[in-house]
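# Structural description and commentary
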Amino acid sequence: MSSLDRRIIFLVVALAVIIPLLLPIGLPIKPTAPVKAFYDSIELISEGSYVLISFDYDPSTMPELQPMAISLLYHCFSKNLKVVMIALWPQGAQMADLAMETVNQQLQAEGKPLPEYGKDYVNLGYKSGGGLVIIGLATNFGAIFPLDTNGTRISELPLMDKVKSAHDLQAVFSLSAGDPGIPAWVMVSRMAGYPTPPQPGETDITGKMLLLGGATAVSAPQFYPYLNTNQMQGLLGGMRGAADYETLLALPGTASEGMDPQSIAHLVIVVFIIMANIFFFLEKRQEERKAT
Amino acid sequence: MKKQFPLAIVFIAGMIFIVQFFSPAFTPIQERFTHWYIVVAVFAFVLGLANLTRLNLQKIHRQQEGWIYSIPLLIGLVGMALCSFIFGIEEGPFVWLFNNMMLPMSATMFSLLAFFVASASYRAFRARHKEAVMLLVAAVIVMLGQVPIGSAGFMGHLRLSDITQWIMAYPNMAGQRAIMIGAALGVVAISLRILLGIERAYLGED
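Residues numbered from 1 in each chain as written. Chains lettered and ligands numbered in written order. Predicted model: local features only at pLDDT ≥ 70, side-chain atom pairs only at ≥ 80, totals over all residues.

Summing up its helical and strand segments, chain B has seven helices and zero strands in all. Seen in sequence order, chain B has helices and strands lined up from the N terminus as α-α-α-α-α-α-α. Overall size of chain B, expressed as C-alpha extent along the three principal axes, is 70 × 50 × 40 Å. Here chain B holds 206 residues, and 11% of them are scored as buried. In chain B, 18% of the contacts between residues at least 6 apart in sequence involve partners at least 24 apart. (Helix = DSSP H or I, 4+ residues; strand = E, 2+ residues; numbered from the N terminus. Buried ≥ 20, exposed ≤ 12 C-beta atoms within 10 Å, placed from the backbone. Contact = placed C-beta atoms within 7 Å.)

Time to look at the overall build of chain A. Helices and strands together make up the secondary structure of chain A, namely 10 helices and six strands. The C-alpha extent of chain A, read off along each of the three principal axes, is 80 × 45 × 40 Å. By residue count, 51% of the 292 residues in chain A fall in the buried class.

So, on to the pairing of strand 5 (residues 210–215) of chain A. The side chains of a regular strand alternate, residue by residue, between the two faces of the sheet. Residue and element names in this part refer to chain A. Burial runs high along strand 5: six of the six residues are buried. Neither face of strand 5 is exposed, since Leu-210, Leu-212 and Gly-214 on one face and Leu-211, Gly-213 and Ala-215 on the opposite face are all buried. The sheet contact formed by strand 4 (residues 171–176) and strand 5 spans six bridges and is parallel. Counted as the bridge partner of Val-172 is Leu-211 from strand 5. In this fold, the crossover linking strand 4 to strand 5 by way of helix 7 (residues 182–191) has right-handed handedness. (Pairing = 2+ DSSP bridges. Right-handed = clockwise from strand over helix to strand, strands pointing away.)

Residues and elements named next belong to chain A. In this structure, Phe-55, Ala-69, Leu-73 and Met-85 are the most contacted members of the largest nonpolar core, which totals 106 residues. The leading source of residues in this core is helix 3 (residues 62–78), at 10 residues. Split by domain, this core shows at least three residues from each of two domains, domain 1 (1–28 + 254–292) and domain 2 (31–252). In contact with Leu-73, not counting residues within four places along its chain, are Val-83, Ala-99, Met-100 and Val-103. (Core = buried A, V, L, I, M, F, W, Y, C linked by C-beta atoms within 7 Å. Domains from an automatic or database assignment.)

In this section: the sheet that holds strand 3 (residues 121–126) of chain A. Residues and elements named next belong to chain A. With parallel pairing, the six strands of this open sheet are ordered in space as 3-2-1-4-5-6. Looking along the sheet, the strands with just one partner apiece sit at the ends: strand 3 and strand 6 (234–237). Sheet twist, expressed as the mean angle between neighbouring strand axes with direction ignored, is 15 degrees. Lying over the sheet, helix 2 (residues 33–44) contacts strand 5 and strand 6, oriented at roughly 125 degrees with respect to strand 6. Across the sheet, helix 3 lies against strand 1 (50–56), strand 2 (82–87), strand 4, strand 5 and strand 6, angled at about 160 degrees from strand 4, the strand it touches most. (Axes fitted to C-alpha atoms, helices over the stretch in contact; angles between N-to-C directions.)

Moving on, we come to the domain arrangement of chain A. Residue and element names in this part refer to chain A. Domain annotation of chain A identifies domain 1 (1–28 + 254–292) and domain 2 (31–252). One C-alpha centre belongs to domain 1, the other to domain 2, and the line joining them spans 37 Å. Taken together, the contact pairs six residues of domain 1 with seven residues of domain 2. The residue makeup of the side of domain 1 that touches domain 2, split by class, is two nonpolar, four polar and no charged. (Nonpolar A, V, L, I, M, F, W, Y, C, P; charged D, E, K, R; others polar.)

With that settled, the discussion passes to helix 2 of chain A. Working note: α-helix, 3.6 residues per turn, so residues spaced by three or four point in the same direction. Residue and element names in this part refer to chain A. Under the 1.5 Å per step criterion, the end-to-end length of helix 2 is 16 Å for 12 residues, consistent within 8% with the ideal 16 Å. Burial in helix 2 covers these residues: Pro-34, Val-35, Phe-38, Tyr-39, Ser-41 and Ile-42. For helix 2, the arc enclosing every buried residue in end-on projection is 160 degrees, short of the 170-degree limit, so these residues lie on one face. On its buried face, helix 2 is in contact with helix 3, strand 5, helix 8 (224–228), strand 6 and helix 9 (238–249). (Expected span 1.5 Å × (residues − 1). Arc of directions from axis to C-beta.)

In this assembly, 46 residues from chain A lie in contact with 42 residues from chain B. Contributions of two or more residues to the side of chain A that touches chain B are made by helix 1 (6–22), helix 3, helix 5 (131–137), helix 8 and helix 10 (254–291) of chain A. Take the side of chain A that touches chain B: its biggest share by element is 13 residues, from helix 10 of chain A. Split by residue class, the side of chain A that touches chain B holds 27 nonpolar, 14 polar and five charged.

Quick look at helix 1 of chain A now. Over its 17 residues, helix 1 of chain A runs 24 Å from end to end, which matches the ideal 24 Å to within 8%, given 1.5 Å per residue. Turning to helix 1 of chain A, its buried residues number three or more, namely Ile-9, Val-13, Ala-16 and Pro-20 of chain A. Down the axis of helix 1 of chain A, the smallest arc covering the buried residues is 50 degrees, so these residues share one side. Residues of helix 1 of chain A that are exposed and point over 90 degrees away from its buried face: Arg-7, Ile-8, Leu-11, Ile-18, Leu-21 and Leu-22 of chain A. Elements in contact with the buried residues of helix 1 of chain A: helix 10 of chain A together with helix 4 (93–124) of chain B.

Below, the discussion takes up the environment of Ile-19 of chain A. All names here are of chain A. With respect to the helices, strands and loops of the structure, Ile-19 is situated in helix 1. Accessibility expressed as a C-beta count within 10 Å gives 14 for Ile-19, which makes it partly exposed. Residues Ile-19 and Ser-71, spaced 52 residues apart in sequence, show a C-alpha to C-alpha distance of 26 Å.

Before going further, it helps to spend a moment on the packing of helix 2 of chain A against helix 9 of chain A. Residues and elements named next belong to chain A. The N-to-C vectors of helix 2 and helix 9 enclose an angle of 50 degrees; their axes lie 9 Å apart at closest approach. Relative to helix 9, the element helix 2 lies oblique. Once helix 2 is placed against helix 9, the crossing between them reads as right-handed. Touching Val-35, Phe-38 and Tyr-39 of helix 2 are Gly-241, Asp-244, Tyr-245 and Leu-248, all from helix 9. (Parallel < 35°, antiparallel > 145°, perpendicular 65-115°, else oblique. Left-handed = near helix turned anticlockwise from the far one by under 90°.)

Spelled out as structure tokens, the structure:
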């Protein structure tokens, strides 16, 4: 039994995911401290401010990061924030477009006005260079992103009249699946002279810049030092972080739907680990008895 | 000269980036280099594309192991490129292919990891000694505490979620900080070696 055919394990895990998807349990979701900090930080931003969202991921991590993007955009538009979207990963620009489609559908379903491209949000697309793009944005947006994804000069976009450099931004969000991503933003933005973050507890953030991130569950633990030192003011970790954020916004989405299957799958894996160790010790005892 | 020229470029460019931290006089040059780098990085895409095509065509021509998989790779590569050039990337076949093939296949590949993690955990997580026991206990607590089931029913009384947050905020953070500092020192060391021409792996030398 300690060397169980892995196809049985695969089948049990598959059932553990499929059954709760078809028959939801409705487990309560209690947001964690880093997610509450993320939400509260955005609530400090005054209406009409300019923020930047960097889509640093691709379709492989969509299930974890796309719900974060959708919730973040929804939160920004509900506070009438002006959003500049960029991407440091090649497919990030398409991820941004897809997230906007979903947000527009949600806003339409709620009967709210839709954000207008060019005035409320822009998608400047992908630029290669990672950290050097971040350095370039510190002084001159136009030099790094002369055109948007539609090929329109940014000088023709009304929103970009007010965003010439990072000093015009009140917050930067990095939805990150790897490098370049959150580590690049944290390290390079300070080095490049971006505005400093507000101190913990500070409510007037005029002249300051928040740095907030969303990461996959696998990489989120490595960003806790940044939270501890106030280099980041909030963090969404994995699908659980996305679900917590959706709960705080009262915006049910795919992350919240995924919590039941994820819970049962985790429980199944823990049961497998415990079973394997029980069989391991039983077999070990048998071998010891045979030896004696 | 063939070796000295690239070493000289690396040294001069590296020194400019370092000195500009201490002297504002070099900042305009550093900004110019930043823009040049972005342009050069785009050429890396072209190089990668050419290399990928050459290697896979070679594989098909020589019928090396796995050559059959190179055919859909090249068809996908050329097909998506042609669709984007002819129909654009805002709508049309490119968008359909991206949304209905690229997205689900990419998400599926990453999702397969869940099954392999379950299988690997069953086979490898054994409490052979006390460090392994500590790892196992922490893993079980975090796995259950990170999902809503860890706060539900009788497990809610165990406060697994609170213990998980403590593990993430203290032992995990301390360990990650140590790894980060170690990695940063390693980056400084290797960067100095590259700038001074001691490390020449990027030139194709050992």
